[in-house]
Amino acid sequence: MAFNWFKKLKTGLSKSAQKVEKAFTSVIGKKKLDENSLTEIEDQLISSDLGVNASIKIVDKLRNHKFELTSKNKEISKEMILKVVKDELNKILINSEKSLFKDNNDKPHVILLIGVNGSGKTTTAGKIASMLKENNKKVVIAACDTFRAAAVEQLEQWASRTKSLFFKGSDSSDAAAVAFKALEFSIKEKADYLIVDTAGRLQNKTGLMDELSKICRVISKLDANAPHNKIVVLDGTVGQNAHSQVKNFNEQIQLTGMIITKLDGS
Ligand SMILES: Nc1nc2c(ncn2[C@@H]2O[C@H](COP(=O)(O)OP(=O)(O)OP(=O)(O)O)[C@@H](O)[C@H]2O)c(=O)[nH]1
Ligand SMILES: [Mg+2]
């Protein structure tokens, strides 16, 4: 199963990789990268959804890079360019990398999952629970999506599959009230982790965005540091739109991290 998953992920990512590689075909066979070629690479990178800032950074790196041409390698090859790009991308990504649940002094450690509709929050709650259970942690999953009845059932299935404890409110209860009671329950159960799944919301819906602040405010009454992780779940296929999602959610509740789903190309 793991093999199939990696195969899917590789295929999914290869679509993006092919787009980026296409950016370099115009310069293959040249001895020097002239400004025209660099502009073309920049355009291609931006249209491959790499983002304007990252594309400019990469092109600057290429502009200043001294390619080592030898009697055997007389011309700049795609591989040479790709190496510079990969190194630069790695640098950008590694600088922003952070372990999600490292700091676990507080118990229960509360993980709040938020994001737009359908980004993968509930599935991610299941994946995180599964990962934590593999590490022998006691996990509670709370259904704070009080909008869709099916959402509660979907999450309950994940709780049962991962052998986690499950907490839900009564029908049409307030999401913040459910989160509060879920934390009380988790404290009583001496759980290591509480995963709070929330309803999908568009970042321009003020009422729903305010509900997120309320959830945070209410559960911090039981534990001043909770929620310890405020994670936005992003659909990896939406491209640069993810940027505005992160910005708006971060303005609302100061995120601690992000999880990108559907990198397997769904
Ligand atoms: N291929 C793939 N599909 C995923 C992944 N994560 C979620 N999905 C699918 O995306 C759809 C939406 O996932 P959910 O987890 O229900 O998303 P959600 O954010 O909870 O949705 P709402 O609660 O309606 O806002 C489902 O069909 C999932 O199976 C992923 O990493 N890869
Ligand atoms: Mg959901």
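Look up: the structure comes first, before these words.
Below: a short report on this structure.

Some words on the packing of helix 7 (residues 175-188) against helix 8 (residues 206-219)
Stage number 1. Two elements in contact, helix 7 and helix 8, have axes separated by 8 Å at closest approach and are oriented at 30°. Between helix 7 and helix 8, the angle is such that the two are roughly parallel. For the element pair helix 7 and helix 8, the recorded crossing hand is right-handed. Across the interface between the two elements, Ala175, Ala176, Ala179, Phe180 and Leu183 from helix 7 touch Glu211, Lys214, Ile215, Val218 and Ile219 from helix 8.
Stage number 2. Of the residues in the contact of helix 7 with helix 8, the class split is eight nonpolar, no polar and two charged.

With respect to the sheet that holds strand 3 (residues 165-168)
Stage number 1. Reading across the sheet, the six strands line up as 3-2-4-1-5-6 and stay open at both edges, with parallel pairing between neighbours. Taken across any chain shown, the strands that pair with only one partner, and hence form the sheet edges, are strand 3 and strand 6 (257-261). Taking the axes of each pair of neighbouring strands and ignoring which way they run, one obtains an average angle of 25° across the sheet.
Stage number 2. For strand 1 (residues 109-114) and strand 4 (residues 193-198), the ladder comprises five bridges, and the chain directions are parallel. Bridged to Leu112 within strand 4 is Val196.
Stage number 3. Set on the sheet, helix 6 (residues 149-161) makes contact with strand 2 (139-144), strand 3 and strand 4; between it and strand 3 the angle comes to about 165°.
Stage number 4. Lying on the sheet, helix 9 (residues 241-253) is in contact with strand 1, strand 5 (229-235) and strand 6; it crosses strand 5 at an angle near 160°.

Structural notes on a nonpolar patch on the surface
Stage number 1. Together, Ile46, Val52 and Ile56 make up a nonpolar patch on the protein surface, roughly 210 Å² of accessible area in all.
Stage number 2. With relative accessibility at 45%, the residue Val52 sits in the partly exposed group.

Some details on helix 4 (residues 78-96)
Stage number 1. With 19 residues, helix 4 extends 27 Å from end C-alpha to end C-alpha; this agrees with the ideal 27 Å at 1.5 Å per step.
Stage number 2. Within the span of helix 4, buried status applies to Met80, Ile81, Leu82, Val84, Val85 and Glu88.

A short note on the pairing of strand 6
Stage number 1. Here strand 6 shows a clear split, with Gly257, Ile259 and Thr261 buried on one side and none of Met258 and Ile260 buried on the other.
Stage number 2. Here strand 5 pairs with strand 6 via five bridges, running parallel. Pairing of Val232 across the sheet is with Met258, part of strand 6.
Stage number 3. Crossover connection from strand 5 via helix 9 to parallel strand 6: handedness right-handed.

Here's the deal with the side chain of Arg201
Stage number 1. Looking at the secondary structure, you find Arg201 in the loop between strand 4 and helix 8.
Stage number 2. On the basis of relative accessibility, which here comes to 1%, the residue Arg201 falls in the buried class.
Stage number 3. Within the local environment of Arg201, its side chain forms a polar contact with the side chain of Glu211, the two groups lying 2.9 Å apart.

Reading guide: rules and limits
Residues numbered from 1 in each chain as written. Chains lettered and ligands numbered in written order. Predicted model: local features only at pLDDT ≥ 70, side-chain atom pairs only at ≥ 80, totals over all residues. Heavy atoms only, no water. Axes fitted to C-alpha atoms, helices over the stretch in contact; angles between N-to-C directions. Helix = DSSP H or I, 4+ residues; strand = E, 2+ residues; numbered from the N terminus. Parallel < 35°, antiparallel > 145°, perpendicular 65-115°, else oblique. Left-handed = near helix turned anticlockwise from the far one by under 90°. Contact = heavy atoms within 4.5 Å. Nonpolar A, V, L, I, M, F, W, Y, C, P; charged D, E, K, R; others polar. Pairing = 2+ DSSP bridges. Patch = residues over 30% accessible without salt bridge, like charges linked within 9 Å, V, L, I, M, F, W, Y side chains within 5 Å. Areas by Shrake-Rupley, 256 points an atom, 1.4 Å probe, with all protein chains shown as cover. Salt bridge = Lys/Arg side-chain N within 4 Å of Asp/Glu carboxyl O. Buried < 20%, exposed > 50% of the residue type's maximum accessible area, 1.4 Å probe, protein only. Expected span 1.5 Å × (residues − 1). Right-handed = clockwise from strand over helix to strand, strands pointing away. Polar contact = N/O pair within 3.5 Å; in protein donor to acceptor, adjacent residues only side chain to side chain.

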